Amino acid sequence: MTVVPHGPVLVDGPVEITMPDGTTARSERVVVAVCTCLRSRRLPWCDTSHRTPPRSASED
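Everything quoted here is computed from the prediction, not taken from an experiment. (Residues numbered from 1 in each chain as written. Predicted model: local features only at pLDDT ≥ 70, side-chain atom pairs only at ≥ 80, totals over all residues. Heavy atoms only, no water.)

Asks: Would you mind showing me how to read the side chain of serine 40 here?
Replies: Here serine 40 shows up in the segment after β5 (31-34). Within the structure, the side chain of serine 40 is placed 2.9 Å from the backbone nitrogen of arginine 42, a separation counted as a polar contact. Of the polar contacts made by the side chain of serine 40, one reaches the backbone oxygen of tryptophan 45; its length is 2.6 Å. Leave out the neighbours within four places in its chain, and serine 40 touches Cys35, Trp45, Cys46, Asp47 and Ser49. (Helix = DSSP H or I, 4+ residues; strand = E, 2+ residues; numbered from the N terminus. Polar contact = N/O pair within 3.5 Å; in protein donor to acceptor, adjacent residues only side chain to side chain. Contact = heavy atoms within 4.5 Å.)

This is the structure we're talking about:
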C-alpha cells in the first residue's frame, strides 16, 4: 500500500472494499487508487478529483 500525499491510497489489487452501507466494491486492477478526499464521483475509487481545488464559500 502506498499513501500519495494529498491524493489516493494505492493498493496492489485485486481489491474488495466493504462500503458503510454493506455493499461491496471490487476491482481486479493490478493497482487500485482508493479515494481519501471523498470528492470522487466513483467512490471508493479515485477519479483524480483531488487535483481540483475545493470551491470556497465565497464562490457560491
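Asks: Would you mind going over the nonpolar core with me for this structure?
Replies: The nonpolar side chains of a soluble globular protein tend to be buried, and buried together. Residues Val15, Ile17, Ala25, Val32, Val34 and Trp45 constitute the largest nonpolar core, which totals six residues. Looking at this core, the elements with two or more residues in it are β3 (15-18) and β5. What tryptophan 45 contacts, discounting residues up to four positions off in sequence, is Val15, Ile17, Ala25, Arg26, Ser27, Val32, Ala33, Val34, Cys35 and Ser40. (Core = buried A, V, L, I, M, F, W, Y, C linked by side-chain atoms within 4.5 Å. Buried < 20%, exposed > 50% of the residue type's maximum accessible area, 1.4 Å probe, protein only.)

Asks: I keep staring at the pairing of strand β4 (residues 24-27) and nothing clicks. Help me out?
Replies: Within a regular beta strand, the side chains point alternately toward one face of the sheet and then the other, so they alternate between its two faces. Of the two faces of β4, only the one carrying Ala25 and Ser27 is buried; Thr24 and Arg26 on the other face are not. Bridge analysis of β3 against β4 gives four bridges, and the strand direction is antiparallel. Paired with valine 15 across the strands is serine 27, a residue of β4. Connecting β3 to the antiparallel partner β4 that follows it, the hairpin turn spans five residues, and glycine 22 within it adopts a positive phi of roughly 95°. (Pairing = 2+ DSSP bridges.)

Asks: Mind showing me how you'd approach the pattern of salt bridges here?
Replies: Pairs can form between side chains of opposite charge once their charged atoms are near each other. Tallying each qualifying case throughout the model produces two salt bridges. Residue glutamate 16 is joined to arginine 26 by a salt bridge in which the shortest nitrogen-to-oxygen separation is 3.5 Å. One end of the pair, glutamate 16, is in strand β3; the other, arginine 26, is in strand β4, with ten residues separating them in the sequence. Among the salt bridges present, the one from arginine 26 reaches glutamate 28, with a minimum N-O distance of 2.7 Å. Judged by its relative accessible area of 46%, arginine 26 falls in the partly exposed class. Judged by relative accessible area, glutamate 28 falls into the exposed class, the value being 55%. A cluster of three or more residues bridged by salt bridges with shared partners is formed by Glu16, Arg26 and Glu28. (Salt bridge = Lys/Arg side-chain N within 4 Å of Asp/Glu carboxyl O.)

The analysis is restricted to geometry; functional conclusions fall outside its scope.
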